[in-house]
Amino acid sequence: MAEKPTSGEILGVPYNFERPSISRMLSSYWQPGEGMLVEKPFGVGYTLNLANWRSWVVVLVAGGLLWQQESPSSDESEDQADEPVEVIVDDTDD
């Protein structure tokens, strides 16, 4: 039986299923001179290159959106959200 390849590309998407080492993991996330996206050290696809400033912008925007989602909004308080709403329907025909 032929041995299956542990790394390569399928339809332009890289994959790597070799056993990861700490040095390979660290060097794959910090690649100065490369673009914003680099090949993942383990698995399928791409990951952020933390040596590129654009990656930090993406991380900050994602963190800000997550923080905004988790923080309570100032528009509605918890007391108002639990109160029932009265709806009046006027069914008179003139």
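See above for the structure.
This report concerns the structure included in the present document. (Residues numbered from 1 in each chain as written. Predicted model: local features only at pLDDT ≥ 70, side-chain atom pairs only at ≥ 80, totals over all residues. Heavy atoms only, no water.)

Helix length check: helix H2 (residues 53-70), at 18 residues, gives a terminal C-alpha distance of 26 Å against a target of 26 Å (1.5 Å per residue), a fit within 8%. One side-chain oxygen at the N-terminal end of H2 lies 2.9 Å from the backbone nitrogen of Arg54; it belongs to Asn52. (Helix = DSSP H or I, 4+ residues; strand = E, 2+ residues; numbered from the N terminus. Expected span 1.5 Å × (residues − 1). Polar contact = N/O pair within 3.5 Å; in protein donor to acceptor, adjacent residues only side chain to side chain.)

Moving on, we come to the sheet that holds strand E4 (residues 43-44). If you trace the three strands from one edge of the open sheet to the other, you get E1-E2-E4, paired in antiparallel fashion. The sheet is open, and its two edges are formed by strand E1 (7-10) and E4, each paired on a single side. (Pairing = 2+ DSSP bridges.)

Turning our attention to the packing of aromatic side chains. Applying the stated rule across the entire model yields two aromatic pairs. Arranged with centres 5.9 Å apart and planes meeting at 35°, the rings of Tyr15 and Phe17 form a pair that is tilted. Judged by relative accessible area, which is 15%, Tyr15 ranks as buried. Its relative accessible area of 46% is what places Phe17 among the partly exposed residues. Each member of the aromatic cluster is reached from another via a ring pair, and the members are Tyr15, Phe17 and Phe42. (Phe/Tyr/Trp six-rings, centres within 6.5 Å; stacked < 30°, edge-to-face > 60°. Buried < 20%, exposed > 50% of the residue type's maximum accessible area, 1.4 Å probe, protein only.)

So, on to unusual backbone geometry. Leaving glycine out, the prevailing phi sign among residues is negative, and the prevailing peptide bond configuration is trans. In this structure, Leu11 is a non-glycine residue whose phi angle is positive, near 55°. For Leu11, the location among the structural elements is in the loop between E1 and strand E2 (13-16). When its relative accessible area of 86% is taken as the criterion, Leu11 is described as exposed.

Our focus in this paragraph is the pairing of E2. Here four bridges tie E1 to E2, and the two strands are oriented antiparallel to one another. Within the sheet, the bridge partner assigned to Gly8 lies in E2 and is Tyr15. Here E1 folds back onto E2, and the loop between the two strands holds two residues, one of which, Leu11, carries a positive phi near 55°. Bridge analysis of E2 against E4 gives two bridges, and the strand direction is antiparallel. The residue bridging Tyr15 from the neighbouring strand is Val44, located in E4.

Tracing the sequence through the fold places Arg24 in helix H1 (residues 22-29). Reaching out from Arg24, the side chain makes a polar contact with the backbone oxygen of Glu18 at a distance of 3.2 Å.

Its place among the elements puts Ser55 in helix H2. In terms of polar contacts, Ser55 uses its side chain to reach the backbone carbonyl oxygen of Met36, at 3.4 Å. Once residues lying within four places of it in the same chain are set aside, the contact partners of Ser55 are Met36, Leu48, Asn49 and Leu50. (Contact = heavy atoms within 4.5 Å.)

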